[in-house]
Amino acid sequence: MLQKIEATANFIKEKTNFRGKTAIILGSGLGNFTEKMDIKHSLSYKDIPNFPVSTIEGHAGKLIIGTFKGQEVVAMQGRFHYYEGYTMEELTFPIRVFKMMGIDYLLVSNAAGGINYSFEVGDIMMITDHINMFGTNPLIGKNEEKLGPRFTNMSNAYDAQLCEVARKFARSNNIRLQEGVYVGLTGPSFETNAEYRYLNTIGGDSVGMSTVPEVIVANHMSMHVFGISVITNNGLEVPEEGNNHNEVLDVAGIAAPKLEAIFGAVIENID
Ligand code: HPA
């Protein structure tokens, strides 16, 4: 695995001359973020050796390299989901490549259901912690000591200092920034009403089908993580006609400017 990671990291670095410290994962409906970047290179996943290829609608499947707020960043436009059939190792592969490229900061975003009664659709929620309900873990199997330790500390999984930067920025710019715990599970079915209530009871505030594997792997490699959920639907009050993926994409697009502002503030703070 290590050889593959190195080969892919070298390929990207040679192609793009990337020197930055920050990677961004754009969740469902949030791919337009790259319009705010000064784009220097765009690599389709299919052209990157060892990269899995993304299949789902709303995910373009490209690595976009450029500058944002004056900093060099690499953005994943489209991520890999467990429900698409990738293994945990495959879907977290890009994060390991990022670390090998010298990246120490991972900014993640996702579209998520709200399971906190004070949240509204269109809110953005800073992820302060997560609950892994995937029933598995990307670090299962032989540990690669060169990447990180066997038993990874997850007590500061979402960097508290970066959270404080975002909190202050949101307060002084009048951006409604919720905070809470993201529950990650496999999908691809949405939750039943009983499951949404259960996830609220166990301490969840947002729920989605991604992020947790990438964040575990990033922590394994001692990366600093910052995360935002865009609340695209209300799990505690599902409409009669049910949840639907197109609505998720629409709301994500509408909330995107807030996400851009918060990510911008966090990135500006990275030296
Ligand atoms: N549940 C799981 N994943 C999601 C949801 C949801 O309600 N909304 C967007 N992604």
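These numbers come from a predicted model, not from an experiment. (Residues numbered from 1 in each chain as written. Predicted model: local features only at pLDDT ≥ 70, side-chain atom pairs only at ≥ 80, totals over all residues. Heavy atoms only, no water.)

Asks: How would you sum up the site of the ligand? Please name residues and give values.
Replies: Lining the immediate surroundings of the ligand are Ala111, Ala112, Gly113, Phe190, Glu191, Tyr196, Val207, Gly208, Met209, Thr232, Asn233 and Val248. One of the backbone N or O atoms of Ala111 is found 3.3 Å from a nitrogen atom in the ligand. At a separation of 2.7 Å, a nitrogen atom of the ligand approaches a polar side-chain atom of Asn233. Protein chains bury 95% of the 260 Å² of accessible surface belonging to the ligand in isolation. For the shell around the ligand, the elements supplying multiple residues, two or more each, are strand 5 (105–114), strand 8 (206–208) and strand 9 (224–234). At 3 residues, strand 5 tops the list of elements feeding residues into the shell around the ligand. Grouping the amino acids of the shell around the ligand by side-chain chemistry returns 7 nonpolar, 4 polar and 1 charged. (Near = heavy atom within 4 Å. Polar contact = N/O pair within 3.5 Å; in protein donor to acceptor, adjacent residues only side chain to side chain. Areas by Shrake-Rupley, 256 points an atom, 1.4 Å probe, with all protein chains shown as cover. Helix = DSSP H or I, 4+ residues; strand = E, 2+ residues; numbered from the N terminus. Nonpolar A, V, L, I, M, F, W, Y, C, P; charged D, E, K, R; others polar.)

Asks: Can you lay out a nonpolar patch on the surface for me, pointing to particular residues and giving the numbers?
Replies: Taken together, Met133, Tyr198 and Ile202 make up a surface patch of nonpolar side chains, about 250 Å² in accessible area. Judged by relative accessible area, Ile202 falls into the partly exposed class, the value being 32%. (Patch = residues over 30% accessible without salt bridge, like charges linked within 9 Å, V, L, I, M, F, W, Y side chains within 5 Å. Salt bridge = Lys/Arg side-chain N within 4 Å of Asp/Glu carboxyl O. Buried < 20%, exposed > 50% of the residue type's maximum accessible area, 1.4 Å probe, protein only.)

Asks: Can you tell me about unusual backbone geometry, naming the residues and giving the values?
Replies: Between Gly187 and the following residue, Pro188, the backbone shows a cis peptide bond with an omega angle of 5 degrees. Mapped onto the fold, Pro188 is located in the loop between strand 7 (177–184) and helix 5 (193–201). Positive phi values are uncommon outside glycine, yet Asn174 reaches one of about 55 degrees. Mapped onto the secondary structure, Asn174 falls in the loop between helix 4 (160–172) and strand 7. Under the relative-accessibility criterion, Asn174 is labelled exposed at 75%. Positive phi, close to 60 degrees, is recorded for Ser222, a residue that is not glycine. With respect to the secondary-structure elements, Ser222 resides in the loop between helix 6 (212–220) and strand 9.

Asks: Can you explain the side chain of Ser229? Please cite residues and give values.
Replies: Summarising the element assignment, Ser229 is placed in strand 9. Take Ser229: its relative accessible area is 0%, and that puts it in the buried class. In terms of polar contacts, Ser229 uses its side chain to reach the side chain of Ser206, at 3.1 Å. Setting aside anything within four residues of it in sequence, one finds Ser229 in contact with Asn110, Ala112, Asp123, Ile124, Met125, Ile127, Tyr182 and Ser206. (Contact = heavy atoms within 4.5 Å.)

Asks: Please provide a residue-by-residue account of the pattern of salt bridges, values included.
Replies: The full count for this structure, using the stated rule, is 8 salt bridges. We note a salt bridge from Glu260 to Lys36, for which the minimum N-O separation is 3.7 Å. In this pair, Glu260 is assigned in helix 7 (residues 245–268) and Lys36 in the loop between strand 1 (22–26) and strand 2 (38–44), connecting sequence segments 224 residues apart. The buried category is assigned to Glu260, whose relative accessible area is 12%. With a shortest N-O distance of 3.7 Å, Arg176 and Glu120 are connected by a salt bridge. Separated by 56 residues along the polypeptide, Arg176 in the loop between helix 4 and strand 7 and Glu120 in the loop between strand 5 and strand 6 (124–132) bring together distant segments of the chain. Note on Arg176: relative accessible area 40%, which makes it partly exposed. One continuous salt-bridge network, built from bridges that share partners, spans Glu120, Asp123 and Arg176.

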